[in-house]
Amino acid sequence: MNKNKRYALIIILVTNAILISFLESFIPIPIPVPGIKLGLGNIITMIAIVFLSWKDVLFIVIVRSFVVAILTRGVMMLAFSLSGGILSAIVMLLLYKKLSRFLSIKGISVAGAITHNTTQICVALLILGQVVVLYYLPVLLIAAVVTGLITGSIGEMAINEIQKKEVFKDEIPPHC
Amino acid sequence: MKYLPIVEVSDMDGLIKFILAILLTILPFWVHNWISIVILSAALVIITLVSKIKPKTLLISAGSYGIIVLIPYLFGFLINTLVYTFSNNMMFANQQGFYESFLRLYRLFIIWYVSILYFHTTPIETVIGMLDQLLTPLKSFGVPIEDYLKVVMCVVIELKSMGTEVKKSLGDSMRTAMGEKGKRFKINLKGISQIIVSLIVDSFGKLDKIESFVEKVNPEELFYYSFNITKRDGLVVLSFMVLTSLVWLVEKGHWV
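Since the model is a prediction, treat every value here as computed from it, not as a measurement.

**Here's the deal with the overall build of chain A**
Now for step 1: The number of helices and strands found in chain A is six helices and zero strands.
Now for step 2: Beginning at the N terminus, the succession of helices and strands in chain A can be written as α-α-α-α-α-α.
Now for step 3: In terms of C-alpha radius of gyration, chain A reaches 16 Å, essentially the compact-globule figure of 16 Å for 176 residues.
Now for step 4: Across its three principal axes, chain A shows a C-alpha extent of roughly 50 × 35 × 30 Å.
Now for step 5: By residue count, 51% of the 176 residues in chain A fall in the buried class.
Now for step 6: Of all intrachain contacts in chain A linking residues separated by at least 6 positions in sequence, the fraction that spans at least 24 positions is 67%.

**Some words on the overall build of chain B**
Now for step 1: Helix and strand counts for chain B stand at eleven helices and zero strands.
Now for step 2: Evaluated residue by residue, chain B yields a buried proportion of 27% over its 256 residues.
Now for step 3: Counting contacts in chain B only where the partners sit at least 6 residues apart, residues at least 24 apart contribute 79% of the total.

**With respect to the packing of helix α1 (residues 14-26) of chain B against helix α5 (residues 124-134) of chain B**
All names here are of chain B.
Now for step 1: Across the interface, α1 lies against α5 with an axial gap of 10 Å and an inter-helix angle of 80°. Between α1 and α5, the interaxial angle falls into the category roughly perpendicular. The residues of α5 that touch α1, namely those facing G14, L15 and F18, are T126, V127 and M130.
Now for step 2: Per-class residue counts for the contact of α1 with α5 are four nonpolar, two polar and no charged.

**Quick look at the interface of chain A and chain B**
Now for step 1: Of the residues lining the interface, 53 residues belong to chain A; the matching set on chain B comes to 54 residues.
Now for step 2: The greatest single-element share of the side of chain A that touches chain B, amounting to 15 residues, is contributed by helix α1 (residues 3-22) of chain A.
Now for step 3: For the side of chain A that touches chain B, the per-class residue count stands at 39 nonpolar, ten polar and four charged.

**Observations regarding the packing of helix α5 (residues 105-128) of chain A against helix α6 (residues 137-165) of chain A**
All names here are of chain A.
Now for step 1: As a packed pair, α5 and α6 sit with axes 7 Å apart at the nearest point and diverge in direction by 140°. By the angle class used here, α5 and α6 are oblique. Here the hand of the crossing between α5 and α6 comes out right-handed.
Now for step 2: Across the contact of α5 with α6, the residue classes tally to 13 nonpolar, ten polar and two charged.

**Some words on the environment of V139 of chain A**
Residues and elements named next belong to chain A.
Now for step 1: Within the secondary structure layout, V139 lies in helix α6.
Now for step 2: With 19 C-beta atoms counted inside 10 Å, the residue V139 sits in the partly exposed group.
Now for step 3: Put simply, V139 and N117 are 22 residues apart on the chain and 9.9 Å apart in space, counted from C-alpha to C-alpha.

**Concerning unusual backbone geometry**
Now for step 1: Backbone geometry at K52 of chain B places phi at a positive 55°, although glycine is not the residue there.
Now for step 2: With respect to the secondary-structure elements, K52 of chain B resides in the loop between α2 (34-51) and α3 (55-87).

**Examining α1 of chain A**
Now for step 1: An ideal rise of 1.5 Å per residue puts 28 Å on 20 residues; α1 of chain A measures up with 29 Å between its terminal C-alpha atoms.
Now for step 2: Across the 20 residues that make up α1 of chain A, a large majority, 15, are buried.

**A word on the confidence of the model for chain A**
Now for step 1: The pLDDT averaged across chain A works out to 85; a share of 91% of its residues lies at or above 70.
Now for step 2: Mean pLDDT across the elements of chain A bottoms out in α1 of chain A (87) and peaks in α5 of chain A (92).

**Regarding helix α4 (residues 98-121) of chain B**
Now for step 1: In this model, α4 of chain B (24 residues) spans 34 Å end to end at C-alpha, consistent with the 34 Å of a helix rising 1.5 Å per residue.
Now for step 2: Residues L108, I110, I111, W112, Y113, V114, S115, I116, L117, Y118 and F119 of chain B constitute the buried set of α4 of chain B.

**Quick notes on the confidence of the model for chain B**
Residues and elements named next belong to chain B.
Now for step 1: Of the residues in chain B, 88% have a pLDDT of 70 or more, and the chain-wide mean is 81.
Now for step 2: Note on residues 2-10: pLDDT under 50 across the span, and 14 contacts to partners over four residues away in sequence or across chains.
Now for step 3: Here the predicted complex carries an ipTM of 0.83, next to a pTM of 0.83.

Basis of the calculations
- Numbering of residues starts from 1 in every chain and runs along the sequence as written.
- Numbering of ligands from 1 and lettering of chains from A proceed in the order in which they are written.
- Reporting of local features is limited, given that this is a predicted model, to residues whose pLDDT is at least 70; pairs of side-chain atoms are given and counted only at 80 or more, and all residues count toward the totals for whole chains, interfaces and linings.
- Each helix is a run of DSSP H or I of at least 4 residues and each strand a run of E of at least 2, with the numbering of both proceeding from the N terminus.
- Radius of gyration means the value over C-alpha atoms here, while the globule rule gives 2.2 Å times the residue count to the 0.38 power.
- Any residue surrounded by 20 or more other C-beta atoms within 10 Å of its C-beta is treated as buried, while 12 or fewer makes it exposed and the intermediate range makes it partly exposed; C-beta atoms here are placed from the backbone.
- Think of it this way: build a C-beta for each residue from its backbone, and any pair within 7 Å is a contact.
- Note on definitions: angles span 0 to 180 degrees between N-to-C directions of axes, and those axes are lines fitted to C-alpha atoms, for helices only across the stretch in contact.
- Oblique is the label for any angle not covered by the other classes, which are roughly parallel (under 35 degrees), roughly antiparallel (over 145) and roughly perpendicular (65 to 115).
- Here the term charged refers only to Asp, Glu, Lys and Arg, the term nonpolar to Ala, Val, Leu, Ile, Met, Phe, Trp, Tyr, Cys and Pro, and the term polar to all other amino acids, Gly among them.
- For any pair of crossing helices, the crossing counts as left-handed if the nearer helix is rotated counterclockwise from the farther one by less than a right angle, and right-handed if it is rotated clockwise.
- Each helix should span, by expectation, one fewer than its residue count multiplied by 1.5 Å.
- For every residue, the predictor reports its confidence as pLDDT, a number between 0 and 100.

Set out below in structure tokens:
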């Protein structure tokens with residue numbers, strides 16, 4: 001695949017990730033805890049993990065965090081979304097490449113959500129310099145299991161559908 | 001993908017505004033007196049009014065700050081206070097004091113707020129153009145910075161070109177997928193996954209169009225920055241100096 005086609009593919013996936021995040025407001029979260037988000041945009045990260053190279057996955061995560069920070073959240077939130085996004089993508093990538101025989105997409109998604117929330121609370125700890133923020137970690141971890149399962153279930157269905165429709169057939173062959 | 005609106009004329013030079021924004025985020029780390037905090041807050045209110053930023057935009061951004069920073073902090077603070085009250089264990093005592101904790105949160109708030117003000121009053125073409133020049137040293141190491149920034153700009157253009165219509169139709173599809181109350185969540189998940197898949201499949205129809213756009217467009221058409229100082233910049237720099245002097249006078253005890 002040539003460079004420009006690769007970039008076009010990434011542009012489409014990042015745009016979709018941002019659009020999908022918008023859909024979150026329509027889905028009731030089973031555990032209504034303040035600060036908990038479903039993280040539907042991560043479905044695109046999961047799709048990228050299955051169908052694209054690790055470089056593209058990280059590029060998608062970085063561009064998405066950067067665009068969202070510039071357009072809506074501001075530069076301070078970039079630290080949270082970038083660190084959480086990159087680390088969770090790396091964890092999900094490693095689990096998919098090495099342990100996909102034992103772990104389903106749902107399991108990988110839960111691991112990604114746990115990594116994301118833990119990283120965010122660690123960044124908050126660093127920025128605030130207050131250990132008390134760690135009290136929120138158990139709440140976030142329980143929430144990560146629930147939200148990870150939901151996004152993982154949707155992601156799994158989406159990946160199966162994409163495989164059926166052979167959307168990426170002409171672009172890049174799936175790694176597994 | 002629509003052809004580009006080229007670079008908009010900014011009311012202030014992007015670099016000068018950037019430097020002032022950095023200085024404004026550093027300033028609160030130097031203040032301890034509550035009067036300085038009042039002066040600084042008043043200055044921010046004036047900047048917000050002059051910049052004519054929509055309150056809705058600020059509220060949306062404030063949501064992220066509240067969710068990621070405030071909620072974990074306040075939750076932790078509450079638990080800590082409760083544990084200390086019931087156990088009297090000094091390990092759980094608030095070591096920092098309320099005013100210091102408030103100051104820290106205030107400083108973080110200023111970093112967040114100033115960055116929001118900066119990004120919402122500076123054309124994205126200018127921000128990316130400055131970033132392109134700032135990251136020039138990396139280009140000599142073979143990092144395709146221009147290509148990466150081109151991708152960022154294309155995502156922004158794609159999002160803008162979709163407009164509210166796509167959002168509305170997606171919202172309608174979601175409402176249909178979620179269905180009536182009492183429906184099983186599993187069914188809804190399938191509906192959501194179908195919406196996402198059709199979104200991806202539909203967007204792949206534009207792949208060739210986007211590819212040819214990325215191929216043909218020059219970076220200069222997407223982002224551009226050149227240093228251009230005006231009287232307005234001078235006035236803003238002067239106002240900032242007055243603000244800094246006021247804060248300095250208060251902090252040194254010369255004024256109040």
